[in-house]
Amino acid sequence: MIGGGLAGCAVAWQAHFRSLKVLLIDRQDPDSSSRVAAGLVTSITGTRAAASWKWEEFYPVADRFYRQVEHTTGEMFWKVQPALKIYESISEAELYQSRWGDADPNTSGTSPRISPVDQTSDLAGLHAPFGACMMHPSARLETQKYIQSTHDFFLRLNAMQVMNLDLESEFDGRSDGIAFRSVECKSACVILCQGVAARENIFFNRLPLHPARGDILQIESKSFRIEHVVHGQGWLVPTDAGRFLVGATYDRNELTTDCSQQNPNAVKAREELMKRWEALVQGSFATKDHLVLGQRAAVRPASYDRHPLIGQHETIDRMYCMNGLGSKGSLMAPGLANTLLDAIDGARIPKHFEWKRRK
Ligand SMILES: Cc1cc2nc3c(=O)[nH]c(=O)nc-3n(C[C@H](O)[C@H](O)[C@H](O)COP(=O)(O)OP(=O)(O)OC[C@H]3O[C@@H](n4cnc5c(N)ncnc54)[C@H](O)[C@@H]3O)c2cc1C
């Protein structure tokens, strides 16, 4: 695997669980999409309040997978907990109720459903003039911790190298395997999981990527406390006591990770996120006693049709890619990694995942 973000880590684990020999290579870029991501996994999304794409296929695999990785590493980074949805209008409240209001909130399982909120405890300090509901199932992957634990695990196994691999100049496609000159290993196959960096080299620079920068603010508040992830205008994630992440913007024009005051797009993103924070905590003390601790940005490897991009290279048989995870890497990566490994074993890749599908 070249690239150790959500894509590369998922492939590495699924291969390891199949008892395959793995070598994971990553340059540990601190501003990679996977390290900046909030890791939210939400069953109901978008303005149509629809179930997340292929939810029933991806979620059970992701849930089992992250629990298994937690068990294997002895670390905790996967938290399953309902998320609070604040309605932005009466029509949105009606839409959620008509689509999901009939499902029994007490049933466990993986199907999307909503349940009423407790006005006092769940909504304390939040501005919700049109009401709210709890969305089930929802989860959060602490991506930084998951990725670091994964890298540490494979480093201990001697199955990871931290390096910036210059793929083009180092490539050596021998008849009996694939190798890169500075890597002491000849592989049966190589899987490129580079996120937007796929555009830097000739191998998969034809992937139909349509990247988008996202910004997140880290905010501290003396008075505001909330237990659940909140979705309203954007989202709010409680992290440590009194600390929150507020996100995320979507910008297809600015594709840097520069968060400095000199970058007008970063300033604009910060202002937009502050507005979202203020809209959510309107009327509570949190509007006055907060402190912005930081801003981070990364570029999501999104595709034109918002579906993932996996499959084999056009001419190099033993070279594959897993990319195009967009805003849903935490949910999709474990299931897609299995689909890709099955394909390497000879199975067909469903057309909607295949990177060579028509736009
Ligand atoms: C602000 C923001 C918020 C987000 N929130 C969420 C969320 O709530 N939920 C969710 O599921 N997703 C979220 N995402 C999306 C998520 O981050 C992506 O879906 C996912 O991280 C993509 O993973 P990846 O492994 O394909 O790419 P990347 O994370 O970009 O990983 C690619 C890796 O490959 C390495 N690499 C590339 N080339 C080389 C090379 N030549 N040599 C060595 N290493 C190399 C890079 O350093 C990097 O570590 C968010 C993204 C952003 C930007």
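Here is what the cut-offs are and how they apply
- Residues numbered from 1 in each chain as written.
- Predicted model: local features only at pLDDT ≥ 70, side-chain atom pairs only at ≥ 80, totals over all residues.
- Helix = DSSP H or I, 4+ residues; strand = E, 2+ residues; numbered from the N terminus.
- Rg over C-alpha atoms; globule rule 2.2 N^0.38 Å.
- Buried ≥ 20, exposed ≤ 12 C-beta atoms within 10 Å, placed from the backbone.
- Domains from an automatic or database assignment.
- Contact = placed C-beta atoms within 7 Å.
- Nonpolar A, V, L, I, M, F, W, Y, C, P; charged D, E, K, R; others polar.
- Expected span 1.5 Å × (residues − 1).
- Pairing = 2+ DSSP bridges.
- Axes fitted to C-alpha atoms, helices over the stretch in contact; angles between N-to-C directions.
- Parallel < 35°, antiparallel > 145°, perpendicular 65-115°, else oblique.
- Left-handed = near helix turned anticlockwise from the far one by under 90°.

**What about the overall build of the protein?**
Secondary structure assignment for the protein yields eight helices and 21 strands. By the compact-globule yardstick of 21 Å for 359 residues, the protein fits well, its C-alpha radius of gyration being 21 Å. Summarising its shape, the C-alpha atoms of the protein cover approximately 65 × 50 × 40 Å along the three principal directions. Taking all 359 residues of the protein together, 44% fall into the buried category.

**Quick look at unusual backbone geometry**
In this chain, H136 is followed by P137 through a cis amide linkage whose omega measures -20°. Of note, the phi angle at K54 is positive, near 55°, even though the residue is not glycine. The residue K54 is located in the loop between β4 (50-51) and α3 (55-73) in this model. Backbone geometry places R306, a non-glycine residue, at a positive phi of 70°. Secondary-structure assignment places R306 in the loop between β19 (290-300) and β20 (309-312). Using a count of 12 C-beta atoms within 10 Å as the deciding quantity, one classes R306 as exposed.

**Things to note about the environment of Y87**
Note that Y87 resides in the loop between β6 (83-86) and α4 (90-100). Residue Y87 is classed as buried on the basis of its 20 C-beta neighbours within 10 Å. Residues Y87 and R243, 156 residues apart in the sequence, show an inter-C-alpha distance of 23 Å.

**Notes on the domain arrangement of the protein**
Reports often express the size of an interface as the amount of accessible area lost when the parts come together. One can read the domain layout of the protein as domain 1 (1-82 + 137-208 + 303-359) and domain 2 (83-136 + 212-300). Each of domain 1 and domain 2 has a C-alpha centre, and these two points are 27 Å apart. Taken together, the contact between domain 1 and domain 2 spans 23 residues of the former and 25 residues of the latter. Counting residues per element, the ones that place at least two in the side of domain 1 that touches domain 2 are α2 (33-36), β2 (40-42), α3 and β9 (138-141). Counting residues per element, the side of domain 1 that touches domain 2 draws most heavily on α3, at four residues. Partitioning the side of domain 1 that touches domain 2 into residue classes produces 12 nonpolar, eight polar and three charged.

**As for α3**
Here α3 is 19 residues long and its end C-alpha atoms lie 26 Å apart, about the 27 Å a rise of 1.5 Å per residue gives. Inspection of α3 places W55, F58, Y59, V61, A62, F65, Y66 and V69 among the buried residues, and these make up the whole buried set. Residues of α3 that are buried sit in contact with α1 (6-17), β2, β4, β5 (78-80), β9 and α8 (329-344). Looking one or two residues past α3, G74 carries a phi angle of roughly 75°, positive in sign.

**A word on the pairing of β9**
Every second residue of β9 is oriented toward a common face, with S138 and R140 on one face and A139 and L141 on the other, all of them buried. Judged from the three bridges that link them, β2 and β9 form a sheet pairing that is antiparallel. Paired with L40 across the strands is R140, a residue of β9. As paired strands, β5 and β9 are joined by three bridges and run antiparallel to one another. The residue bridging K79 from the neighbouring strand is R140, located in β9.

**Topic: the sheet that holds strand β12 (residues 177-180)**
Here we have three strands laid out as an open sheet, ordered β11-β12-β13, and antiparallel in their pairing. Edge positions in the sheet fall to β11 (171-174) and β13 (186-187), since each of these pairs with one other strand and no more.

**Observations regarding the packing of α1 against helix α5 (residues 143-156)**
At a minimum axis distance of 10 Å, the contact between α1 and α5 shows a crossing angle of 45°. By the angle between their axes, α1 is oblique relative to α5. Both α1 and α5 take part in a crossing whose hand is left-handed. In this structure, α1 uses L6, C9, A12 and W13 to contact α5, whose residues at the interface are T143, I147, T150 and F154. Considering only residue class, the contact of α1 with α5 consists of six nonpolar, two polar and no charged.

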